[in-house]
Every structure is written in structure tokens, then in C-alpha cells.
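Single-letter residue listing:
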Amino acid sequence: MSQNSSESAFTKLTQIIQSAAKANTIEAQVQHIVEAISETLLVDVCSLYLRQPDDSLRLVASRGLIRNHPVVIPSKQGLVGQVMQQQNTINIKDPDQHPGYFYVANSEEEQFHSFCGVPLVYRAQVNGVLVAQSRRAELLPSDHVALFSTLATHLAMLIATYSKDLFVSPSEAKLYQGISGAQGVALGKAFIRKESGLAEIQKLKTDDVGTEQTRWVSLKAEAMNELREERDTVCSTLGEGLASVLDAYQMLLKDATFEQRIMDEVAQGYQLPWAIRQAVSFFSDKFKEMDDPYLRARHEDIEQLGAKLYQIWQRTSEPQAPAGNEPLILVGDQISVSDIVNLATDRLAGIVCFGGGSLSHIAVFANALGIPAVMGLGEVSVQNSEQVVVDGDAGQVICSPAKSALREYKRIISERQTLANRLQADSQLPAVTKDNVRVTLLANSGLQADVLPGLRFGAEGIGLFRTEVPFMVRSSLPSEDDQEKIYRSLISHYKDKPIYFRTLDIGADKPLSYLPLVKEENPALGWRGIRYILDNQPLLITQLRAFMKAAAGSRHVHLMLPMIASTEQLDQCLAILNEVHHQLVAEGVQVCRPKVGIMVEVPSCIALLPFWRDKLDFISIGTNDLSQYLLALDRNSPLVGKWYDSLHPAVIHELLRISTMAKQMNLPVSVCGEMASDPVAVILLLGMGIQQLSMSAAKIPLIKWILRSITREQAGELLAEALQQDNASAIRQLGQQFLASKQLLFNETTPK
Ligand code: PEP
Ligand code: MG
């Protein structure tokens with residue numbers, strides 16, 4: 001680059017900056033700059049990505065890219081990541097053919113066929129990447145590349161000097177990448193889930209080691225006082241002999257190695273309860289290893305001391321739900337359905353779960369309630385009441401977001417609300433495609449709390465009532481009467497609308513704390529669903545009695561059996577159902593045998609369907625488990641979550657096989673797994689001729705909007721194309737291109 005052109009670039013940039021300076025905020029200034037650069041270079045897109053503390057790149061301004069949610073390119077990913085890593089310009093045609101290509105979801109980037117990225121380097125530090133893209137499949141001419149690089153050099157300096165606000169300061173914000181559990185974006189105060197004992201303490205990190213050290217000093221003093229008082233009481237009532245037994249606790253508490261162990265954990269950045277838990281388990285294990293039986297038994301003392309410390313800590317610092325009516329983000333290692341139920345749902349805005357995956361039941365519930373959730377984050381540093389953003393679309397969580405990110409998220413939340421209101425206006429219209437194909441949209445339910453929202457969102461019935469949920473939120477089995485009341489109440493709300501009750505599906509990730517479940521190596525392949533129930537038949541008999549009594553006189557109530565994998569299992573269930581029916585009739589109760597179907601979710605049942613034509617009234621495909629078993633991927637594991645995609649060709653081909661079979665058998669078929677609310681999947685399912693979908697109620701308006709905007713024929717064409725693909729991403733990309741061509745990109749696009 002010659003001195004002259006560098007100067008003219010500088011002059012150009014000075015002009016751009018002078019006019020940008022008129023904008024009020026730094027964001028607006030940077031936006032102005034990228035717009036001016038794209039005009040100068042005659043390109044369709046100019047985008048600025050800034051490096052974040054974890055080396056990911058955040059899109060802070062763009063002319064040309066659709067940017068309706070924060071775009072963060074993970075470290076070392078994509079062409080943009082390569083530019084940063086190599087500190088070198090990449091100027092290519094057809095970027096989507098490049099092995100390093102990273103598609104920014106819903107950005108409509110696919111329409112651009114050239115890419116030129118230059119690093120922003122200032123004082124040997126790459127602080128971002130500037131990208132130009134064009135619709136034409138042509139390289140950016142070399143003189144334009146030179147001008148672009150020079151502009152980037154000046155911009156790098158400008159940003160480093162004046163635009164600190166655009167960077168997320170590492171000490172301020174903490175960004176964590178997990179897996180999306182339920183889509184949507186939420187902002188609120190962290191409410192860390194209550195733990196009941198030492199064993200449940202969560203592995204939380206802290207940035208404020210000093211505060212944890214001070215907490216330890218006062219906790220230790222308080223514990224020492226209590227131990228002395230207890231000793232005095234025992235001494236005065238039971239005598240010195242017994243009181244001296246309590247000395248052991250005080251001695252342990254004074255022990256320097258115990259204290260040091262706690263301080264070491266704190267120094268590594270862990271919060272005090274976790275540090276205590278670790279120190280207790282370390283010394284307890286040490287005692288247990290000792291040969292001397294007296295010393296071996298001392299592990300109990302250290303565990304009791306740990307419990308006492310934790311009790312005092314809870315008393316003095318137990319997180320209460322932050323006061324006021326600000327939205328709350330429920331945070332925890334494992335979150336249970338009861339955690340959700342115990343919180344006023346009008347304040348619950350989001351869920352952050354350190355473990356779990358996209359199809360953990362907690363994610364399924366979050367979807368049902370329309371609450372954004374991120375799962376499988378691993379270790380997170382968060383304090384009670386800290387401000388947290390849950391980005392369920394990107395699977396990200398930001399604790400203490402920087403001001404600029406906060407503004408951006410607030411804008412997105414308000415835009416989405418406008419879209420939701422818009423969709424809600426059509427909620428009572430039927431889901432009919434443009435070529436008049438009627439699709440029935442039902443809601444998945446389980447909590448009584450989601451019955452009314454379901455109706456409000458326009459559910460035409462309940463396609464899956466997870467009867468295990470009322471069992472999970474109790475501390476003992478509900479009686480026959482209790483169950484009858486629950487089922488009756490649901491039927492009364494949905495009057496003449498269809499309801500599909502699924503019999504208890506417990507086990508694996510849905511244990512019931514009060515029922516004996518055996519610890520298994522592979523619980524998802526083990527004693528769960530119908531397998532557990534057939535070994536514990538009184539549970540099924542009570543449930544069927546309650547169900548038939550509640551359903552008496554309602555013609556639209558169906559019974560659905562989960563996890564059926566063999567003819568023997570199906571026959572056994574049907575025999576029990578007939579027996580219960582006879583029993584009730586013999587008791588003089590007016591009941592009729594309900595319509596019965598199965599969930600198609602264990603692959604082995606697919607080949608058996610033709611044999612069962614006379615036994616079944618319908619089938620409903622549980623795509624969550626069906627995908628889990630077809631792909632051999634644990635739906636709860638964050639480790640393999642990235643591979644789990646129900647758009648995998650193996651799943652799509654199998655769904656086509658099932659729906660074709662059902663058509664030939666004249667057997668009604670529906671889908672009730674999460675696929676029924678995935679816009680791309682829904683089009684493919686329509687293409688297969690599936691006309692009944694059951695989903696999280698909050699998704700109904702969006703799916704209805706999509707269905708009302710397309711034709712069955714178009715869906716069939718997309719399916720034909722999808723069947724030619726050999727990977728899930730290609731299928732998703734095809735689907736998103738189709739949605740984009742119809743201006744139907746969900747979440748991001750306002751309906752026209
Ligand atoms: C499924 O497996 O797809 C399903 C709907 O059931 P659950 O998610 O409750 O296992
Ligand atoms: Mg299932």
C-alpha cells in the first residue's frame with residue numbers, strides 16, 4: 001500500500017469518523033462507520049466483530065447482515081475466527097464452500113457469495129475482525145482490499161482508544177456457552193436453587209475470593225459459639241462425661257489443616273459452601289481409610305461438623321428469592337420440576353442448568369412454559385441476585401452483562417414481545433395451509449399451571465399429558481381419588497377437545513424420590529416407562545381406574561402407552577386395561593373403554609406396527625426418545641448434546657417410514673416430541689402428511705403462522721430435497737433458506 005493511498009484511506013476514515021461522531025452512542029457511531037465503509041467499497045455487507053475475553057468474536061455492527069439476536073462466533077470458529085487467529089486477510093469467493101465456513105444462524109448470510117475479512121490489529125493485539133461480503137461471487141479487487149486493510153488499521157486504533165464500552169470487560173461480564181434448552185431470551189436476577197444438604201451443594205465459582213474468606217471467618221466464629229453453647233447445655237443436663245464427646249467438633253473446627261483445605265478451595269475460586277463440602281469429603285475419606293476402628297469412626301464427626309457449618313451458613317446466607325417483582329432466573333446444578341413449581345411463575349423468566357441437555361425433562365418443561373433455558377454449562381460463577389441474561393437461542397448465559405450487551409438484549413426482548421403479541425392476535429384462527437390442508441395443533445402439558453396458557457395460545461386440545469408430572473411434584477404417591485381429581489379438572493377445561501393421557505413414564509431422568517428405583521449403568525435403556533410399570537402393576541391399575549372414572553362420558557379422551565417395544569408389552573397393557581374396565585363395570589361405575597394408542601419412541605416397535613393394526617386406535621411419535629434411541633445419543637448429556645439433532649437423516653427417513661405405514665394402515669398419527677415445534681421439522685412433517693402436532697403451548701402461535709403461510713405442496717418439495725441430504729446441518733440449512741424465502745424466519749422476523 002503506497003503512502004498516498006494510506007493517506008487517502010486515512011482522510012476517508014477521518015471523514016467517516018467525523019460524520020459518525022454526530023451519533024449519540026458508541027454503538028450508533030460504529031454502525032455509521034460500517035455503513036460508510038460498505039458504501040465506499042461498494043459491497044453489500046460490512047460487519048465489525050470484536051474480540052471478547054474468551055476469544056470469541058461478537059458482532060457489534062453490521063450493514064447487510066440480519067442481526068436480531070446477539071451473534072457470537074465461538075473462539076477459533078469460522079472464517080472470521082481464522083482471520084483473527086492467522087492475523088491475515090482472507091479474500092475468497094463462495095465462502096460457504098470453504099472448510100472453515102461458519103453459518104451465522106438466521107443472518108441470511110447464504111445470499112452472499114464473496115468474503116473478505118481483515119484483522120483489526122493494534123499494538124500487536126488483534127481486537128477484532130472487519131468483514132466485507134458481496135452478493136456477487138467475485139473477489140474484492142486488490143485496490144479495495146488495500147483500502148479496506150488500511151481502514152481496518154485506523155479503526156483498530158480508534159476502537160482501542162475510544163470505544164472501550166464496546167468491549168466486554170473480563171472482570172465485568174462472564175459469558176458461558178451451553179446448550180439451548182428452550183428458545184427465547186430473558187433477563188433477570190439470579191435465584192440460586194435451594195440446596196437441602198451438604199451433598200447437594202453446587203460447584204459454584206466466585207470472582208470475589210476476599211468476600212468468601214471473610215465469610216469463613218464469621219462462619220467459623222458463629223459455629224464455635226454454637227458448639228460451646230451446646231456443650232454447656234449438655235454439661236449442665238447430662239454431665240461432663242457426655243459433654244466431652246462434643247469436644248471433638250471444636251477440635252476439628254480449630255484444626256489448621258481443615259481450615260487450610262477450605263481456604264485452598266476458596267483460593268481456587270470456589271464459593272464457601274463448595275469449599276466446605278470438598279474439605280469435609282477429603283477428611284472424611286481419610287478417616288475412612290484408617291486401620292484403627294476408633295479413628296475410622298471419626299469420619300462421622302467431620303461429616304456432622306460439615307452439616308453444622310452448612311446449616312449455619314444457610315441460616316445466615318440462604319438465598320431467598322430476591323425481593324420485589326423483577327424477573328428471576330432460576331440457577332442450579334440440577335433443577336427439578338418442584339423448584340419451578342415452588343416459584344411464582346409470573347416471576348420466573350429463565351432457567352440456567354449447569355447439567356442436563358436439550359431434551360432433559362427440565363428443558364421440556366421450560367419449553368412447555370415458554371421460558372428460555374440454557375443447559376449443560378458446566379462450572380459457572382454466579383451469585384444470588386446477580387444480573388443474568390439467558391440466551392436460549394444461542395445456548396449462552398451472560399452474568400453481569402456489560403451495558404452495551406444489556407441494551408442490546410433489552411431491545412431484542414422488547415422486539416420479540418411485539419412479535420409475540422402480533423402472533424397472539426391470530427391464535428384462535430385455524431392452522432390451515434394456503435392450499436387448504438388443515439393441521440390440528442395441540443399442547444403438551446403436565447403441570448396444571450400450563451392448562452390455561454395452553455388455551456390462550458390456541459391449543460385445540462392436549463396431545464400429550466405427562467401424567468408423571470403430578471407424581472413428581474409430590475412427596476408421596478397420589479391416591480386414586482387425587483389422580484381422578486387432576487384428570488377431571490383437565491378434562492373439564494378442555495371440554496369437547498381431544499386429550500391424550502400418557503400413562504406413567506417414570507425412571508431414567510424422571511425418578512420419583514419416594515419410589516424404589518435401582519441405580520443402573522444405562523438408565524435410559526433400563527427400567528423406565530412401561531418396563532417399570534409392568535413390574536409395578538398396582539401403579540398402573542390405580543392410574544387406569546382414576547383415568548377411566550374421570551373420563552366417563554367424554555368421547556375425546558385417549559390413553560397413550562409410553563416406551564412400548566414389543567407385542568408382549570402391548571398385550572399385557574391391553575389385558576390390564578380390559579381387566580380394570582371389567583372391574584369398574586362390576587363395581588357399578590359407568591365407564592367406557594377409552595381409545596388406546598402408543599407412543600412410537602423405541603425403534604423396535606416400528607417394524608411391529610403392521611401387526612398391531614387391530615389393537616391400536618392411533619399412534620403418536622415421541623421424537624425426543626425416538627431420536628435418542630436411533631442416534632444412540634443420551635438426550636440428557638451435555639457432552640454429546642452437540643450431535644443430537646432430530647433433523648438427522650436417519651430420523652427423517654424413519655419418520656417417513658412410520659407415517660407411510662400409518663397411512664397404509666389407516667391409523668391416525670401425530671407427533672408429540674419437540675420436533676413438532678421446530679419450524680423446519682414441522683414443514684418436513686407436513687410434507688410427510690402428518691396433520692396433528694402436539695407441542696409446548698407457547699410455540700403454537702409461531703407454528704400456526706408458518707403453516708398458514710405455506711402450501712402442503714411446498715412442504716412436499718422441501719421434504720424431497722431433505723431426503724437427498726446426508727447430514728442434519730444441510731437439512732436445517734435447506735429449511736432455513738425456505739423459511740427465509742417466505743420471510744418466515746422464526747424468532748427473528750416480524751410477520752409481514
Ligand atoms: C418423547 O420422547 O418424544 C416424548 C414426547 O416424551 P418425553 O419427552 O416425555 O419422554
Ligand atoms: Mg419419551
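Procedures and definitions
- Residues numbered from 1 in each chain as written.
- Chains lettered and ligands numbered in written order.
- Predicted model: local features only at pLDDT ≥ 70, side-chain atom pairs only at ≥ 80, totals over all residues.
- Heavy atoms only, no water.
- UniProt positions renumbered as here; feature names shortened; annotations may be inferred.
- Helix = DSSP H or I, 4+ residues; strand = E, 2+ residues; numbered from the N terminus.
- Rg over C-alpha atoms; globule rule 2.2 N^0.38 Å.
- Buried < 20%, exposed > 50% of the residue type's maximum accessible area, 1.4 Å probe, protein only.
- Contact = heavy atoms within 4.5 Å.
- Areas by Shrake-Rupley, 256 points an atom, 1.4 Å probe, with all protein chains shown as cover.
- Lys, Arg positive; Asp, Glu negative; His and termini not counted.
- Charge placed at Lys NZ, Arg CZ, Asp CG, Glu CD.
- Near = heavy atom within 4 Å.
- Polar contact = N/O pair within 3.5 Å; in protein donor to acceptor, adjacent residues only side chain to side chain.
- Nonpolar A, V, L, I, M, F, W, Y, C, P; charged D, E, K, R; others polar.
- Core = buried A, V, L, I, M, F, W, Y, C linked by side-chain atoms within 4.5 Å.
- Salt bridge = Lys/Arg side-chain N within 4 Å of Asp/Glu carboxyl O.
- Expected span 1.5 Å × (residues − 1).
- Arc of directions from axis to C-beta.
- Donors = N, O, S within 2.8 Å, 3.2 Å for Na, K, Ca; no water.
- Pairing = 2+ DSSP bridges.
- Axes fitted to C-alpha atoms, helices over the stretch in contact; angles between N-to-C directions.
- Parallel < 35°, antiparallel > 145°, perpendicular 65-115°, else oblique.
- Left-handed = near helix turned anticlockwise from the far one by under 90°.

As recorded in an unreviewed UniProt entry, the protein chain goes by the name phosphoenolpyruvate--protein phosphotransferase, listed as coming from Amphritea pacifica. According to the UniProt record, the Sequence similarities (unreviewed entry) comment for the protein chain reads "Belongs to the PEP-utilizing enzyme family." According to UniProt, the comment filed for the protein chain under the heading Cofactor (unreviewed entry) is "Mg(2+)".

1. Thoughts on the overall build of the protein chain
Assigned secondary structure in the protein chain consists of 26 helices and 25 strands. In terms of overall size, the protein chain behaves like a compact globule, its C-alpha atoms giving a radius of gyration of 30 Å where 752 residues would be expected to give roughly 27 Å. The burial tally for the protein chain puts 55% of its 752 residues in the buried class. In the protein chain, the proportion of contacts linking residues at least 24 apart, taken out of those at least 6 apart, comes to 67%. Carbon and sulfur atoms provide 52% of the accessible area of the protein chain, an area that totals close to 31800 Å². Separation between the mean location of the 70 positive side-chain charges and that of the 83 negative ones in the protein chain comes to 5 Å.

2. Notes on the site of ligand 1
Taken together, 15 residues sit near ligand 1, with Arg466, Arg502, Gly622, Asn624 and Arg635 positioned nearest. The side chain of arginine 466 places a nitrogen or oxygen atom 2.7 Å from an oxygen atom of ligand 1. Within the backbone of asparagine 624, a nitrogen or oxygen atom sits 2.7 Å from an oxygen atom of ligand 1. With the chains in place, 100% of the 290 Å² that ligand 1 exposes on its own is no longer accessible. Of all the secondary structure elements, the ones that give two or more residues to the shell around ligand 1 are strand E19 (462–466) and helix H21 (623–631). For the shell around ligand 1, the element with the most residues is H21, which contributes three residues. Partitioning the shell around ligand 1 into residue classes produces three nonpolar, five polar and seven charged.

3. Observations concerning the nonpolar core
Core analysis: the largest hydrophobic core is formed by 105 residues, its most contacted members being Ile598, Leu609, Ile619 and Leu693. For this core, the element with the most residues is helix H19 (residues 537–551), which contributes eight residues. Apart from residues no more than four positions distant in its own chain, leucine 609 is found in contact with Ile598, Val600, Leu616, Ile619, Ile658, Met661 and Met665. Leu246, Leu272, Phe283 and Leu309 belong to the second largest nonpolar core, which has 32 residues in total.

4. A closer look at the pattern of salt bridges
One pass over the structure, following the stated rule, counts 29 salt bridges. Between glutamate 226 and lysine 308 there is a salt bridge, with the nearest N and O atoms lying 3.4 Å from each other. Taken together, the positions of glutamate 226 in helix H5 (residues 209–238) and lysine 308 in helix H11 (residues 299–317) put the pair 82 residues apart, joining distant regions of the chain. Residue class for glutamate 226 comes out buried when judged on its relative accessible area of 17%. Note on lysine 308: relative accessible area 12%, which makes it buried. Several salt bridges share partner residues, and in doing so they unite Glu468, Arg502, Asp505, Arg528, Asp625 and Arg635 into one network.

5. Considering helix H20 (residues 567–586)
Here H20 is 20 residues long and its end C-alpha atoms lie 28 Å apart, about the 28 Å a rise of 1.5 Å per residue gives. Here H20 has its buried residues at Gln569, Leu570, Cys573, Leu574, Ile576, Leu577, Val580, His581 and Leu584. Taken end-on, H20 shows its buried residues confined to a sector of 160°, consistent with a single buried face. Opposite its buried face, H20 presents the exposed residues Glu568, His582 and Ala586, each directed more than 90 degrees away. In this structure, the buried residues of H20 make contact with helix H18 (529–535), H19, strand E21 (557–561) and strand E22 (595–600). Just downstream of H20, glycine 588 is the residue with a positive phi angle, here 85°.

6. As for the environment of glycine 332
Within the element layout of this structure, glycine 332 appears in strand E11 (residues 328–332). When the C-alpha positions of glycine 332 and alanine 307 are compared, they lie 20 Å apart, and in sequence the two are 25 residues distant.

7. Topic: the coordination of the magnesium ion (ligand 2)
Only Glu601 (OE) and Asp625 (OD) from the protein reach the magnesium ion (ligand 2) as donors, at distances of 2.1 to 2.2 Å. Separated by 24 residues along the polypeptide, glutamate 601 in the loop between E22 and strand E23 (618–621) and aspartate 625 in helix H21 bring together distant segments of the chain.

8. Overview of the pairing of strand E15 (residues 387–391)
The buried count for E15 comes to four of five residues, which makes it a mostly enclosed element. Sheet topology note: the strand E9 (residues 185–192)/E15 ladder contains five bridges and is antiparallel. Considered in E15, the bridge of valine 185 is made with aspartate 391. As judged from the four bridges shared by E15 and strand E16 (residues 396–399), these two strands associate in the antiparallel manner. Along E16, the bridge assignment pairs valine 388 with cysteine 399. Counting the residues in the hairpin turn of E15 and E16 gives four residues, including glycine 395, whose phi is positive at 65°.

9. Things to note about the sheet that holds E11
Spatial strand order, E7-E16-E15-E9-E11-E12-E13-E8: eight strands in an open sheet with mixed pairing. The open sheet is flanked by strand E7 (174–177) and strand E8 (179–182), the only strands paired with a single partner. On average, adjacent strands in this sheet sit at an angle of 30° to one another, irrespective of strand direction. In the packing of helix H14 (residues 403–424) onto the sheet, contacts are made with E9, E15 and E16, and the angle to E9 comes to roughly 115°.

10. As for unusual backbone geometry
Of note in this structure, lysine 76 is not a glycine but carries a positive phi near 65°. As for its position among the elements, lysine 76 is in the loop between strand E3 (72–73) and helix H3 (78–86). In this model, asparagine 666 sits at a positive phi of 60°, which is unusual for a non-glycine residue. Secondary-structure assignment places asparagine 666 in the loop between helix H22 (649–665) and strand E24 (669–671). Accessibility expressed as a relative area gives 63% for asparagine 666, which makes it exposed.

11. A word on the side chain of glutamate 484
Secondary-structure assignment places glutamate 484 in helix H17 (residues 480–494). Relative accessible area serves as the criterion here: at 13%, glutamate 484 is assigned to the buried category. Those residues in contact with glutamate 484 that sit more than four places away from it in its chain are Ala546, Lys549 and Ala550.

12. As for the sheet that holds strand E5 (residues 114–122)
Strand order across the open sheet formed by six strands is E3-E2-E1-E6-E5-E4, with antiparallel pairing between neighbours. Here the strands that pair on one side only, and so sit at the sheet edges, are E3 and strand E4 (90–93). Sitting on the sheet, H3 is in contact with strand E1 (45–51), strand E2 (57–63), E3, E4, E5 and strand E6 (125–134), with an inclination near 35° to E5.

13. Details of the environment of lysine 194
Assignment of secondary structure puts lysine 194 in the loop between E9 and strand E10 (204–205). The class of lysine 194 is exposed, set by a relative accessible area of 55%. Between the C-alpha atoms of lysine 194 and leucine 477, which are 283 residues apart in sequence, the distance is 24 Å.

14. A few points about the packing of helix H8 (residues 256–267) against helix H9 (residues 272–289)
Helices that pack against each other are described as a pair by the angle of their axes relative to one another and the distance between those axes. Running from amino to carboxyl end, H8 crosses H9 at an angle of 135°, the nearest separation of the two axes being 8 Å. In terms of axis orientation, H8 runs oblique to H9. Crossing hand, H8 versus H9: right-handed. Residues Thr257, Phe258, Arg261, Ile262, Glu265 and Val266 of H8 form the contact with H9, whose participating residues are Leu272, Trp274, Ala275, Ile276, Gln278, Ala279, Val280, Phe282 and Phe283. Within the contact of H8 with H9, the residues separate by chemical class into eleven nonpolar, two polar and two charged.

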